[in-house]
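# Commentary on secondary and tertiary structure
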Amino acid sequence: MIELVSESRCIQCNICVKACPDNVFDAVEAAAPVIARKADCQTCFLCELYCPADALFVSPLRDRDDPVDEADLVARGLLGSFARNMGWKNAKPRGTDKDLTYRMFEDRDI
Amino acid sequence: MSGPTHPAAAGPDLVADVLVIGGGPAGCWAALSAMEAGASVVLAEKGYVGTAGATAAGNSSIVYTLPASAGREKAIAQRVARGLGLVAADTVDRVFDEVYRQLNRLADWGYGFPKTEDGTSYRGSMRGVDYLRFLRQRLVKGGVRILDQSPALDLLVADGVVAGARGSDRRTGAPWTVRSAATVIASGGCAFLSGALGTRNLTGEGYLMAAEAGARFSGMDFTGQYGIAPRHTSVTKGIIYFWASFFDEAGARLESKGDRQDIVANGLGRGRVFAMLDKASPRVQSGMRSQANIFAPFDRLGIDPFTQRFEVELIYEGTVRGNGGLLIGRDTATDVPGLFAAGDAAAREEMAGATSGGGGPNASWALATGTWSGRAAAAFARGIGAAHGDRRAATPAPAAEGRGDAADTAAVRAAIQREILPLGRSFFRSTAGLEAASGALETAWRDAGALGRTDAIARRETQAMAATARWIVASARRRGESRGIHRLADRPARDDGQLHRILSGGLDRVFAAPVGARHMEAAE
Ligand SMILES: Cc1cc2nc3c(=O)[nH]c(=O)nc-3n(C[C@H](O)[C@H](O)[C@H](O)COP(=O)(O)OP(=O)(O)OC[C@H]3O[C@@H](n4cnc5c(N)ncnc54)[C@H](O)[C@@H]3O)c2cc1C
Ligand code: SF4
Ligand code: SF4
């Protein structure tokens, strides 16, 4: 589930509030959004793509809390990693044409 | 937890030729083709068009083959073989034709399909979130009115004809109304809040609303569908396990008849199960890595899945990668005039037969039936004429106000899940287990109806799950054999005397009954 909205990185654009498919965030006047309905989070990682500031972190654990430390995530290269791996920049897909999925399908008839 | 945080102001009150409910691939293609046919279109989505639904979070392979080619023949033959007697080859061919045509158009519009090393444009796999964002932009440019975060909750019906829908804005609680001449249900499948990837919103309201208007279902028996995920994660991406070995806790290799889901299910019957992707060549590994959602759990948990064993579980996927849904005819019309259905919301035995349509068939079906439903809805709207907004329309089943609160909602949901999610209920079915589930679900259905209106969305989601669970169990009880993803412990063999589809429906009284496999054409 979503674990972090980094207040130092967030530029308060509220894109995550709009684009989360499960309406997990609430906008806050002149501040970073808050995680208001964490139990509704479907652990899809997609808010990370839409965040232009790499300010969000989603733990892969869907059914339990997983407290995180921002400095540790940065040190491990995880903050913003989903967007980087997908080629998204500034809330836009830039990696569609670089997808190598076809290599799986060459291997055998699946 | 999905309740409004602000007092409800009135939301939009709109009139449109076509209303599309649900904005995954089926809904986006429906809106696009209705728009291209000249209709005014509103697209209402529970979440956000672009990130909501199973495709957005999951990505999907899709079947792209040249019409009348050897590749096409092979793809059809594979479908027919895997469908175990229930696939209609001509329907599959028609679906693949539409996919071929539309993906070519997508390329013409500038969608960035990747190229293989030899320079061929590869169109057999879609990055869900990129694909849907692209479609969203196309819709916005074409003038489709998109209502995000706006679940539809009730259909409007005028003189037996569907005339739009009402819903609620989940951010504000504001009610909205769209009066339309034709309506497309593209709200996806129902996965009962199991936690499978991208399925939080897939709770079956489209089914429930359609049933209240009188629509029937098919294929609810073929719903014993689970996805493999690294334990405690959401990522039910089954494809990688083609290259996996499975182990028990002591490290002994697990083998069993059937596919990889069967190996895991049988292993889980005896204890914990672990996997390692030890059969993937470096080239296949690079292909897997390219689907970042597959690797988010591994990278974030510090696991190297190619050399380390990781624990796995099975998560229920219901009609998302199972096959049940609204019964539709050739042009996607349901039983009810003015109401069409597409994608996972529609029954798809003709495409997927008795096995899961994941791995290409379902994405293909969503694109094709989406396209057809938008076209058919636009034509229906032209027939109704511009004055449709003046019809007197009402919701077909004004539900009595109950008194249950959020705690009751959670309890009813848990009661429904107990009868559907466990492997012992839906993977390994038995006559006795289905009978027990049937009784418990009658209670759950009544309890769901008695929930209070403080959170109308949660109430409708819960009712829809209860209704869908009852159609599933009633249909499964009518299939006295094992076939594909309906596995009946006390009738483990296939019986080709039962090569029929099972139709179901009903609200306070549920029914399920077999019909001929080619019922839909016979009915036309
Ligand atoms: C992990 C995973 C991987 C998959 N991989 C493949 C694959 O490789 N190949 C393949 O062919 N298939 C695959 N599938 C199946 C495929 O994703 C679906 O068949 C496809 O998404 C169906 O499209 P759809 O538009 O019908 O439904 P969805 O994409 O699920 O969209 C339905 C939409 O309706 C919305 N909705 C729900 N209720 C309401 C309401 N009351 N009001 C308004 N909107 C509502 C939802 O929010 C959602 O956005 C996969 C599924 C999963 C879960
Ligand atoms: S998308 Fe990122 S930058 Fe924008 S409000 Fe959300 S967290 Fe802040
Ligand atoms: S992971 Fe998905 S559901 Fe959770 S907050 Fe992010 S976008 Fe929303």
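So, here is what we can say about the structure in this document. The model shown is predicted, which means the values in this text are computed figures rather than measured ones.

Here we come to the overall build of chain B. Counting secondary structure elements, chain B contains 17 helices and 17 strands. On C-alpha atoms alone, chain B measures out to a radius of gyration of 22 Å, which is about the 24 Å that the 2.2 N^0.38 rule sets for 524 residues. When the backbone C-alpha atoms are referred to their principal axes, chain B occupies close to 70 × 55 × 50 Å. Taken over 524 residues, chain B has a buried fraction of 63%. In chain B, the share of contacts with a sequence separation of at least 24, taken over all contacts with a separation of at least 6, comes to 73%. On chain B, roughly 18000 Å² of surface is accessible, and the fraction owed to carbon and sulfur atoms is 52%.

Secondary structure assignment for chain A yields five helices and six strands. In terms of overall dimensions, chain A has a C-alpha envelope of 50 × 30 × 30 Å along the principal axes. When each of the 110 residues of chain A is scored for burial, the buried share is 55%. Here the analysis covers contacts within chain A between residues at least 6 apart in sequence; of these, 53% occur between residues at least 24 apart. Split by element, the accessible area of chain A, about 4800 Å² in all, is 47% carbon and sulfur. Of note, chain A has its 14 positive side-chain charges centred 5 Å away from the centre of its 19 negative side-chain charges.

Grouped together as the largest cluster of nonpolar side chains are 167 residues, with contacts concentrated most on Leu106, Tyr241, Phe246 and Met288 of chain B. If sequence neighbours within four positions are ignored, methionine 288 of chain B has contacts with Met104 of chain A together with Ile240, Trp243, Leu277, Ala280, Ile294, Phe295 and Phe306 of chain B.

Moving on to the interface of chain B and chain A. Each side of the interface is counted separately: chain B has 59 residues, and chain A has 54 residues. Here chain B and chain A share an interface that buries about 5100 Å² over both sides, 55% of which is from carbon and sulfur atoms. Applying the counting rule to chain B against chain A returns six salt bridges. For glutamate 106 of chain A, the salt bridge is made with arginine 283 of chain B, and the minimal N-O distance between the two is 2.7 Å. Connecting chain B to chain A are 33 residue pairs in polar contact (both at pLDDT 80 or more). For the side of chain B that touches chain A, the secondary structure elements donating two or more residues are helix H2 (54-58), helix H3 (70-82), helix H5 (128-141), helix H8 (282-289), helix H9 (292-301) and strand S13 (310-316) of chain B. Take the side of chain B that touches chain A: its biggest share by element is seven residues, from H9 of chain B.

Around ligand 3, the neighbouring residues are Ile2, Cys20, Pro21, Asp22, Val24, Phe25, Cys41, Gln42, Cys44, Phe45, Cys47 and Val58 of chain A. Class assignment of the residues belonging to the shell around ligand 3 gives a composition of 10 nonpolar, one polar and one charged.

Looking now at the site of ligand 2. Every residue near ligand 2 is listed here: Cys10, Ile11, Gln12, Cys13, Asn14, Cys16, Pro33, Cys51, Pro52, Ala53, Ala55 and Leu56 of chain A. Tallied by class, the residues present in the shell around ligand 2 amount to 10 nonpolar, two polar and no charged.

A few words on the pattern of salt bridges. Residue and element names in this part refer to chain B. Considering all chains together, one arrives at 45 salt bridges over all chains under this definition. Across the salt bridge formed by aspartate 13 and arginine 179, the nearest N and O atoms sit 3.4 Å from each other. One end of the pair, aspartate 13, is in strand S1 (residues 13-21); the other, arginine 179, is in strand S8 (residues 175-185), and 166 residues separate them in sequence. You can call aspartate 13 exposed: its relative accessible area is 52%. What makes arginine 179 partly exposed here is its relative accessible area of 26%.

This part covers the sheet that holds strand S16 (residues 500-505) of chain B. All names here are of chain B. Taken in spatial order, the four strands of this open sheet run S14-S9-S16-S17, and their pairing is antiparallel. Single-partner strands in this sheet number two, and they are strand S14 (325-326) and strand S17 (511-516). Relative to S14, strand S9 (residues 217-218) is paired through two bridges, and the arrangement is antiparallel. Each residue of the ladder has a partner; that of phenylalanine 217, found in S14, is leucine 326. The sheet contacts of helix H16 (residues 456-477) involve S9, S16 and S17, and relative to S16 the element is tilted by about 145°.

Turning our eyes to something else, we now look at the sheet that holds strand S11 (residues 245-248) of chain B. Residues and elements named next belong to chain B. Read from one edge of the open sheet, four strands run S10-S13-S12-S11, paired in antiparallel fashion. In the strand order of this sheet, the two ends are held by strand S10 (226-230) and S11, each with one partner. On average, adjacent strands in this sheet sit at an angle of 45° to one another, irrespective of strand direction. Examined bridge by bridge, strand S12 (residues 273-276) and S13 share three bridges and lie antiparallel to one another. Residue pairing for S13: phenylalanine 274 is matched across the bridge by glutamate 311. Seen against the sheet, helix H7 (residues 260-268) touches S10, S11, S12 and S13 and runs at an angle of roughly 105° to S13.

The next point concerns the environment of alanine 30 of chain B. Residue and element names in this part refer to chain B. Inspection of the secondary structure puts alanine 30 in helix H1 (residues 25-36). Separated by 339 residues in sequence, alanine 30 and threonine 369 have C-alpha atoms that sit 7.9 Å apart. Contacts of alanine 30, omitting those with residues within four sequence positions, involve Val20, Val184, Gly370, Thr371, Ser373 and Gly374.

Residue and element names in this part refer to chain B. Of all nine residues in H7, seven are buried; the element is thus mostly enclosed. Regarding H7, the residues found buried are Arg260, Gln261, Asp262, Ile263, Val264, Ala265 and Gly267. Looking at the buried positions of H7, the neighbouring elements they touch are S10, S11, S12, S13 and helix H14 (423-427). For H7, the N-terminal cap is aspartate 259; the gap from its side-chain oxygen to the backbone nitrogen of glutamine 261 is 3.2 Å.

Residue and element names in this part refer to chain A. With a phi angle near 55°, asparagine 23 is a residue other than glycine that sits in the positive phi range. Structurally, the position occupied by asparagine 23 is in the loop between helix H1 (15-19) and strand S2 (25-28). Here the phi dihedral of threonine 43 falls at roughly 55°; this positive angle occurs in a residue that is not glycine. Residue placement: threonine 43 occurs in the loop between strand S3 (31-35) and helix H2 (46-50).

Residue and element names in this part refer to chain B. Relative to the assigned elements, arginine 413 resides in helix H13 (residues 406-420). Within the structure, arginine 413 has its side chain in polar contact with the backbone oxygen of alanine 458 (distance 3.2 Å). In contact with arginine 413, not counting residues within four places along its chain, are Leu193, Ala458, Glu461, Thr462 and Met465.

Residues and elements named next belong to chain B. Taking 1.5 Å per residue as the helical rise, H5 with its 14 residues ought to reach 20 Å, and the 20 Å between its terminal C-alpha atoms agrees with that figure. Summarising burial for H5: 10 of the 14 residues are buried, a large majority. Burial in H5 covers these residues: Gly128, Val129, Asp130, Tyr131, Leu132, Arg133, Phe134, Leu135, Arg136 and Leu139. Note on H5: the residue one or two positions beyond its end, glycine 143, has a positive phi of about 95°.

Definitions and cut-offs
Residues numbered from 1 in each chain as written. Chains lettered and ligands numbered in written order. Predicted model: local features only at pLDDT ≥ 70, side-chain atom pairs only at ≥ 80, totals over all residues. Heavy atoms only, no water. Helix = DSSP H or I, 4+ residues; strand = E, 2+ residues; numbered from the N terminus. Rg over C-alpha atoms; globule rule 2.2 N^0.38 Å. Buried < 20%, exposed > 50% of the residue type's maximum accessible area, 1.4 Å probe, protein only. Contact = heavy atoms within 4.5 Å. Areas by Shrake-Rupley, 256 points an atom, 1.4 Å probe, with all protein chains shown as cover. Lys, Arg positive; Asp, Glu negative; His and termini not counted. Charge placed at Lys NZ, Arg CZ, Asp CG, Glu CD. Core = buried A, V, L, I, M, F, W, Y, C linked by side-chain atoms within 4.5 Å. Buried area = accessible area lost by both parts, 1.4 Å probe. Salt bridge = Lys/Arg side-chain N within 4 Å of Asp/Glu carboxyl O. Polar contact = N/O pair within 3.5 Å; in protein donor to acceptor, adjacent residues only side chain to side chain. Near = heavy atom within 4 Å. Nonpolar A, V, L, I, M, F, W, Y, C, P; charged D, E, K, R; others polar. Pairing = 2+ DSSP bridges. Axes fitted to C-alpha atoms, helices over the stretch in contact; angles between N-to-C directions. Expected span 1.5 Å × (residues − 1).

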